[in-house]
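# Coordinate inspection notes
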4 protein chains.
Amino acid sequence: MSAPKKVVLAYSGGLDTSIILKWLQTEYGCEVITYTADLGQGEELEPARRKAEMMGIKPENIHILDAREEFVRDYVFPMFRANALYEGLYLLGTSIARPLISKHLVQIAQEHGADAIAHGATGKGNDQVRFELAAYALDPAIQVIAPWREWDLSSRTKLLEFAEKHQIPIAKDKRGEAPFSVDANLLHTSSEGKVLEDPADEAPDYVYQRTVSPEDAPETPEMVEVEFERGDAVAINGERMSPATILTKLNELGGKHGIGRLDLVENRFVGMKSRGVYETPGGTLLLEAHRGIEQITLDAGAGHLKDSIMPRYAELIYNGFWFSPEREMLQALIDKSQEHVTGTVRIKLYKGSVRTVARWSEHSLYSEAHVTFEDDAGAYDQKDAAGFIHLNALRLKLLATRNARVAGKK
Amino acid sequence: MSAPKKVVLAYSGGLDTSIILKWLQTEYGCEVITYTADLGQGEELEPARRKAEMMGIKPENIHILDAREEFVRDYVFPMFRANALYEGLYLLGTSIARPLISKHLVQIAQEHGADAIAHGATGKGNDQVRFELAAYALDPAIQVIAPWREWDLSSRTKLLEFAEKHQIPIAKDKRGEAPFSVDANLLHTSSEGKVLEDPADEAPDYVYQRTVSPEDAPETPEMVEVEFERGDAVAINGERMSPATILTKLNELGGKHGIGRLDLVENRFVGMKSRGVYETPGGTLLLEAHRGIEQITLDAGAGHLKDSIMPRYAELIYNGFWFSPEREMLQALIDKSQEHVTGTVRIKLYKGSVRTVARWSEHSLYSEAHVTFEDDAGAYDQKDAAGFIHLNALRLKLLATRNARVAGKK
Amino acid sequence: MSAPKKVVLAYSGGLDTSIILKWLQTEYGCEVITYTADLGQGEELEPARRKAEMMGIKPENIHILDAREEFVRDYVFPMFRANALYEGLYLLGTSIARPLISKHLVQIAQEHGADAIAHGATGKGNDQVRFELAAYALDPAIQVIAPWREWDLSSRTKLLEFAEKHQIPIAKDKRGEAPFSVDANLLHTSSEGKVLEDPADEAPDYVYQRTVSPEDAPETPEMVEVEFERGDAVAINGERMSPATILTKLNELGGKHGIGRLDLVENRFVGMKSRGVYETPGGTLLLEAHRGIEQITLDAGAGHLKDSIMPRYAELIYNGFWFSPEREMLQALIDKSQEHVTGTVRIKLYKGSVRTVARWSEHSLYSEAHVTFEDDAGAYDQKDAAGFIHLNALRLKLLATRNARVAGKK
Amino acid sequence: MSAPKKVVLAYSGGLDTSIILKWLQTEYGCEVITYTADLGQGEELEPARRKAEMMGIKPENIHILDAREEFVRDYVFPMFRANALYEGLYLLGTSIARPLISKHLVQIAQEHGADAIAHGATGKGNDQVRFELAAYALDPAIQVIAPWREWDLSSRTKLLEFAEKHQIPIAKDKRGEAPFSVDANLLHTSSEGKVLEDPADEAPDYVYQRTVSPEDAPETPEMVEVEFERGDAVAINGERMSPATILTKLNELGGKHGIGRLDLVENRFVGMKSRGVYETPGGTLLLEAHRGIEQITLDAGAGHLKDSIMPRYAELIYNGFWFSPEREMLQALIDKSQEHVTGTVRIKLYKGSVRTVARWSEHSLYSEAHVTFEDDAGAYDQKDAAGFIHLNALRLKLLATRNARVAGKK
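All values derive from a computational prediction rather than experimental measurement.

### Structural notes on the overall build of chain A
In terms of regular secondary structure, chain A is built from 13 helices and 14 strands. On the principal axes, the C-alpha backbone points of chain A span a range of 85 × 60 × 45 Å. Looking at chain A as a whole, 65% of its 410 residues are labelled buried. Restricting the contact set of chain A to residue pairs at least 6 apart, pairs at least 24 apart contribute 73%. Here chain A displays about 14,200 Å² of accessible surface, and carbon together with sulfur accounts for 48% of that area. When the 48 basic and 61 acidic side-chain charges of chain A are each reduced to a single mean position, those positions are 5 Å apart.

Structure (structure tokens):
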């Protein structure tokens, strides 16, 4: 690997990525291009531009992008078509944002003729893997610089010394160490580390940033109607909205009712367990509603097949293989299943939980004529069930007969 | 199939199975043996004995059994080791009780030299399949009589006429039709049919029988500690209890806090969709807590394998294949994984939801030394991550190179 | 089910389906429409036309179709993209033809306004299921008549009596019972029943109809080059051909060299085991060659995913669910994987076996630069492997540490 | 990682591992313990002892072990219960030997208080992963030294210089480079590299070492009967033998008839494709015979479940995860299925191919009474099939109805 000449940096404007920016300049003497995207993390982007300028980045090398619609339309929604949950519970809020960022970094690198990209993820986590696998999949010739794996700024003290030495402004509240680490985007906020490191200790309430405590949520339930077309949410309470607007609205609703909190010990791809606290208010509503609409519009065979491949699909996204043939193959399977996943679900929000209470669709497969306890006018012949059971039982009978025969001979 | 001479009937003491009892006597002229079990459905059994006697069943042909411990120990707990959910949401409360009942029916039939068993499930549902597959798997020579598929008592009026004609007492509240149908045992209560038949209509509140409405649940959260050994719950708040006692206690706790309600449209094995309302208060707590303890005690490879086979395992139970080689094979796999699933989980119960907030175990795989943001004293070498990523990326790079090469030639 | 007025019959022209034809006329008094297709079974179709006419079928009610190209292009080739094998060994030659026949029967029924279709499969086999599931999936209102499940012509004698009574001509060699039953199409010939019913008895050599005995095959091997595009064979030994022509040619080659014989005891969908003898000469070559080309053009992640879903895909086809959402979803996944499965494979045919000996492609992912034992000029950094192994080992080390710690405490 | 003081080396006695032995002594100044095992590779072990002694290894530090029975009984046979094939074709002959070697290395290290083990696998292959994952899983504190990833002896010339400098005897035929690289044990011989590196070039005949060419195999077929108990082969042609003796005998038979050759391009775990030529004569017979006995003794549900998890099981072994919880869980599932896999199979060997021609067992599930074309005396009621089909079709009909309804509205 030769020394990079031009590097595109995923730049938040914060202290850590500012240190990385400077470190790239000093360590490699390379030209730095910054990329700052609005993925719904709730921070303004213009300060990042000003900071980049202040650190000597040429205006044409500063890229600021509102990626919220792309994020929800091309990443979040396809993933929710699968009802993806990692390890049964985690909605993959961080995982799904990483490939999009890498895609942008690589695109900008190609436009500028840059030979490398750089990110601020550490060597212990999953994000480094996600950033880098995505980048290599999109541009096999790209270099990826992960300063946290390379430099010797291994303590908070050393980082601050480096910042001071290079006149990087340090906000007052960054002098002390943060009590935990945060990542946020339109889908979720995750918190981990420090005060959260012992999974036997309950997470302190101040960790939660995006949802009220269920105890503080409204005393009265709220009903919300989510409309789907081909597996994607398209309207809330009858109002059509863009993908990012829908997720934003669902976040407001879920956050207000204390919904979507998760305290999880999960298995990282790099081999260790870690404890995270996640808040995914809108995503939690979306999953519940999507399952609700699938219940009446998706065939049993299709649904069971989807369920059976879901853990693998979720694991691929968690591990950083969004841009892989196998994820794309599974996506083709999932998308094929969603052609009729169209209709409306009413969900009930109340003090930390969400439940489907009603659903209807012109694409419904539910047949009251068949299921009714009343006279079904011949829709279903109960005598068929005898034959169905007899043939399903045949191999079990042959087994029992064999087992008894063999046991009898002993 | 020759006419049965002795039949063991799954007898609840209620109107429907009393009609079946009489119908078996009159239709086949056969001797009837009754079996009534306490699976925790919350009804007394002695009235069933008295009714059976009244209908002429010989005392030695009346079997009353408390099967609660067997049910939880040998059916519910093994299933919960798998975190089984049918179609992502249903805790299989009815499904898991059926094989136990069939096992008892077959055992009693063998003791009495009976040639048939009979059950009161209809020809449209899953229960007929579950009862019969289990019975045939345990005794390939047994006959199974399903009166609802055979007789012509196809309306409420005809049933009542039959009852009156044969002097079967009809409780006043059974004169009118029940507004929905109920099944209950220690794991859950399910309701379906009639007023629940339109999935676009919200279930009326009077359907719920075992859980308070979340709105009516206590205003203050309650913390509960569940202790596990090898995958099974063994103590609550430090007090060791038998399996059935634990589930009973969890039901009280969950029911009090409005936890475990589910309104679901599911796919029946016989090919139609149906809508059910389920209450599984204790089971919902147990699933959450079991997942919590697995988070720190179960290895990633083991956990992901379990997750990947769970949908199939759940489908087998739902479809009635409890006594099948493939369910037993999956159980062997699952049980193997639980050897170290030992430890304690603290769950928080509040107004309809339950969340794991802390967990600890001497069997924990969580390594603070590895995961810490602080200096890890060499437990983990961040440089290893570069190699890990490079080799995981290699095939993706080769793919991208190939794809670009081929595209370039076009 | 009301009595059918017009029935489309899958008619071979043979004795059995002629009896069915007449039985439909006499039993239901209905108009019969015949459908006879060339699927490569190696029989002429015009005799079937003449027989149908002779039995009073109106010329406009006689449908004769050459379906070979449709069969191979739309059914055989898509299935071979999956490397489908039922129970590890069976190439599904009968299973894959049934949905096509049903599709034609339903189309003709719709054109003629017929209300039913009829087939000649018995009540013990898989074919009835395949015919009927396909028909119902394509036209939920269609009736399906399966005379073998309905009539009382339960012995050879009764069948012949019926034929004689209705002046159906009986070929001399049909007077006695055939020593086994045969099904054939362009993909395979299957034989079962009678002399083959005891799986402990070797199949007599006269059962084989389409392949020479390996002992009688040529003494010298033959090399054949098969070229693929996007997963489908398009040329043999450099000559481009249509799908059916390719399969015909492969059949000649395989048959000549005694390749593709299989003596199998399999599990029928209806619950029993049966023994079949299959000859699939061309299909066996095609599977080997397709695997050969995938070896260099398909990514590991894609290939392993395909392998993992293949058994389910094969089972769906075997069980008759070709026209089901889950088969179509799996097909979408499989087809997605085949975009670069393009290139050429050389296979060696010799006395009953076929082996890939060479393969090459412009779409190859094989990188001699990476794999070489020689100096690789930096293509691969062996040091990366250490990190790769360390992180893959991390969870195993944590497990071993935990297990030792717990064991030590006991 | 501190410098090792005592190292257990997997020592073959050949040039390469002799160089490693010396390099360990000179590079680390550590005490070397040698381990040489007979896994059926067909080489005598005493020369390795003499060489080790000559290089200064203390007699008590030289371990020579006949591990053939352990290898077949505890590794090969359990794997064959699963019908394991990697990527559809490869019988995992190298993969399955590695964990056994690591287990011995770790045991010896623990006995001697050694702090490290060393192996001679390169940094490009799978074997390094298999050796090291197994070692770390068995002893998380062990160090593993992989000289090929560490030293600078990167060319044949440098290796020979090092050998000469340290007076390591070089056999004449090792002066020049071998035209390909070989690994062998009782299960297989694999060849790769050099002349085999271009997968478009046919492998030269001199690569094959263990099987005659099919063209040179006997002109007459040979019948062999293999008897199984609970999934493992226990006798050949009626003669009971130990596991290793059985595999040895099957190797002789297969090798004589030119059976078990495979020319494969496979996907290595480390991310690249490689081409290998494998000879697995006995294993190929064993797989065929095991499938043959499962055909009549294994239930459909059990068999299909086994088939569906097999690719994952094979991948785990290929990737080096023999000692992992998930492999052990799958093994528990597989072993559970084999309880009745007992009986005898007759296979026919002829010029490169092996086919099952007959099988019988007291544990057979095959029921001639059910399958017969003749009168089955009521064993099977063909009318049951109608109900079976109707209920299997129900969801497909509801789908078709829905799809038509929705299409009609557009």
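### Observations regarding the relation of the copies chain B and chain A
Once chain B is rotated about the relating axis by 180° and shifted along it by 0.0 Å, it coincides with chain A to within an RMSD of 0.0 Å. Here the copies are linked by what is in effect a two-fold axis. If distances are taken from each C-alpha of chain B to the rotation axis, the shortest is found for Ser353(B), at 2.9 Å. Both copies share a contact surface, since 99% of the interface residues of chain B are interface residues in chain A too.

### A short note on the relation of the copies chain D and chain C
For the match of chain D to chain C, the screw axis carries a shift of 0.0 Å, the RMSD comes to 0.0 Å, and the turn is 180°. Interface overlap between copies: 100% of the residues of chain D at the interface are likewise at the interface in chain C, consistent with a symmetric, same-surface contact.

### A look at the domain arrangement of chain A
The domain boundaries assigned to chain A delineate domain 1 (6–68 + 94–166), domain 2 (181–298 + 340–360) and domain 3 (371–407). Between domain 1 of chain A and domain 3 of chain A, the C-alpha centre-to-centre distance is 63 Å.

### A closer look at the side chain of Ser274(B)
With respect to the helices, strands and loops of the structure, Ser274(B) is situated in strand β12 (residues 273–279). Within the local environment of Ser274(B), its side chain forms a polar contact with the side chain of Arg268(B), the two groups lying 3.2 Å apart. Beyond its immediate sequence surroundings of up to four residues, Ser274(B) is in contact with Tyr366(A), Val371(A), Glu192(B), Leu264(B), Val265(B), Glu266(B) and Arg268(B).

### Brief notes about the side chain of Glu132(D)
Mapped onto the secondary structure, Glu132(D) falls in helix α5 (residues 127–138). Setting aside chain neighbours within four positions, we find Glu132(D) in contact with Ile389(C), His119(D), Val144(D), Ala146(D) and Arg149(D).

### Section: the sheet that holds strand β7 (residues 189–192) of chain A
Taken in spatial order, the four strands line up as β6-β7-β12-β11 (chain A) in an open sheet, and their pairing is antiparallel. The sheet is open, and its two borders are formed by β6 (181–184) and β11 (261–267) of chain A, each paired with just one other strand. Averaged over all neighbouring strand pairs, the angle between strand axes comes to 25°, with direction disregarded. The sheet contact formed by β7(A) and strand β12 (residues 273–279) of chain A spans four bridges and is antiparallel. Bridged to Ser191(A) within β12(A) is Val277(A). Against the sheet, helix α9 (residues 281–297) of chain B makes contact with β11 and β12 of chain A, and its axis sits at roughly 35° relative to β11(A), the strand it touches most.

### Thoughts on the packing of helix α13 (residues 383–409) of chain A against helix α13 (residues 383–409) of chain D
Running from N to C, α13(A) and α13(D) point in directions that differ by 100°, and their axes come no closer than 6 Å. On the basis of their axis angle, the class for α13(A) and α13(D) is roughly perpendicular. From α13(A), Asp384(A), Ala385(A), Ala386(A), Gly387(A), Phe388(A), His390(A), Leu391(A) and Asn392(A) reach across to α13(D), where they touch Asp384(D), Ala385(D), Gly387(D), Phe388(D), His390(D), Leu391(D) and Asn392(D). Grouping the amino acids of the contact of α13(A) with α13(D) by side-chain chemistry returns seven nonpolar, six polar and two charged.

### Some words on the sheet that holds strand β14 (residues 353–360) of chain A
Residues and elements named next belong to chain A. If you walk across this open sheet you meet the five strands as β10-β9-β8-β13-β14, and the pairing is antiparallel. Looking at the sheet topology across the chains shown, the edges are occupied by β10 (239–240) and β14. Note that strand β9 (residues 232–236) and β10 share two bridges and pair antiparallel. Paired with alanine 235 across the bridge in β10 is arginine 240. Along the sheet, helix α9 (residues 281–297) makes contact with β8 (222–229), β9, β13 (343–350) and β14, crossing β14 at roughly 30°.

### Considering the interface of chain B and chain A
One frequent convention defines the size of an interface as the accessible area lost when the parts assemble. Tallying the contact residues gives 102 residues for chain B and 101 residues for chain A. In total, about 8,800 Å² of surface goes out of reach between chain B and chain A, with carbon and sulfur atoms giving 57% of it. The interface formed by chain B and chain A contains 10 salt bridges. For Arg359(A), the salt bridge is made with Asp263(B), and the minimal N-O distance between the two is 2.9 Å. Where chain B meets chain A, there are 38 residue pairs in polar contact (both at pLDDT 80 or more). Ranked by residue count, the leading element in the side of chain B that touches chain A is helix α13 (residues 383–409) of chain B, at 14 residues. Considering only residue class, the side of chain B that touches chain A consists of 46 nonpolar, 21 polar and 35 charged.

### Comments concerning the UniProt feature "binding site: ATP" (unreviewed entry) in chain A
Residue and element names in this part refer to chain A. The positions that UniProt labels "binding site: ATP" (unreviewed entry) are, in the present scheme, Ala10, Tyr11, Ser12, Gly13, Gly14, Leu15, Asp16, Thr17, Ser18, Ala37 and Gly120. Summarising the element assignment, serine 18 is placed in helix α1 (residues 15–28). Of the residues examined, serine 18 reaches a relative accessible area of 1% and is grouped as buried. Once residues lying within four places of it in the same chain are set aside, the contact partners of serine 18 are Tyr11, Gly13, Lys51, Met55 and Ile168. Secondary-structure assignment places alanine 37 in strand β2 (residues 31–38). With residues up to four places along the chain from it excluded, the contact list for alanine 37 reads Leu45, Leu65 and Ala67.

### A closer look at the confidence of the model for chain A
Model confidence for chain A is summarised by a mean pLDDT of 96, while 100% of its residues fall at 70 or above. Listed scores for the predicted complex are pTM 0.97 and ipTM 0.96.

### Looking at unusual backbone geometry
All names here are of chain A. Positive phi is not limited to glycine here, since leucine 92 has a value of about 65°. Within the secondary structure, leucine 92 sits in the loop between α3 (68–80) and α4 (98–112). Judged by relative accessible area, which is 0%, leucine 92 ranks as buried. Within the chain, glutamine 167 stands out as a residue other than glycine whose phi angle is a positive 55°. Within the secondary structure, glutamine 167 sits in the loop between α7 (156–165) and β6. For glutamine 167, a relative accessible area of 73% corresponds to the exposed category.

### Let's talk about the interface of chain D and chain C
Tallying the contact residues gives 101 residues for chain D and 101 residues for chain C. Here chain D packs against chain C, burying approximately 8,700 Å² in sum over the two surfaces, 57% of which is carbon and sulfur. Taken as a group, Lys124(D), Glu197(D) and Lys273(D) account for 8% of the area that chain D buries against chain C, more than any other trio of residues on that side. On inspection of chain D and its partner chain C, the count reaches 10 salt bridges. Measuring nitrogen to oxygen at the nearest pair gives 3.1 Å for the salt bridge that ties Asp376(C) to Lys124(D). One can count 38 residue pairs in polar contact (both at pLDDT 80 or more) joining chain D with chain C.

### Brief notes about the packing of helix α10 (residues 300–319) of chain A against helix α11 (residues 325–337) of chain C
The N-to-C vectors of α10(A) and α11(C) enclose an angle of 40°; their axes lie 7 Å apart at closest approach. Classified by the angle between their axes, α10(A) and α11(C) sit oblique to one another. Along its contact with α10(A), which presents Gly301(A), Ala302(A), Leu305(A) and Lys306(A), the element α11(C) presents Pro325(C), Glu326(C), Met329(C) and Leu330(C).

Rules used throughout
- Residues numbered from 1 in each chain as written.
- Chains lettered and ligands numbered in written order.
- Predicted model: local features only at pLDDT ≥ 70, side-chain atom pairs only at ≥ 80, totals over all residues.
- Heavy atoms only, no water.
- Helix = DSSP H or I, 4+ residues; strand = E, 2+ residues; numbered from the N terminus.
- Buried < 20%, exposed > 50% of the residue type's maximum accessible area, 1.4 Å probe, protein only.
- Contact = heavy atoms within 4.5 Å.
- Areas by Shrake-Rupley, 256 points an atom, 1.4 Å probe, with all protein chains shown as cover.
- Lys, Arg positive; Asp, Glu negative; His and termini not counted.
- Charge placed at Lys NZ, Arg CZ, Asp CG, Glu CD.
- Least-squares fit on C-alpha atoms with pLDDT ≥ 70 in both.
- Domains from an automatic or database assignment.
- Polar contact = N/O pair within 3.5 Å; in protein donor to acceptor, adjacent residues only side chain to side chain.
- Pairing = 2+ DSSP bridges.
- Axes fitted to C-alpha atoms, helices over the stretch in contact; angles between N-to-C directions.
- Parallel < 35°, antiparallel > 145°, perpendicular 65-115°, else oblique.
- Nonpolar A, V, L, I, M, F, W, Y, C, P; charged D, E, K, R; others polar.
- Buried area = accessible area lost by both parts, 1.4 Å probe.
- Salt bridge = Lys/Arg side-chain N within 4 Å of Asp/Glu carboxyl O.
- UniProt positions renumbered as here; feature names shortened; annotations may be inferred.
- pLDDT = per-residue confidence, 0-100.

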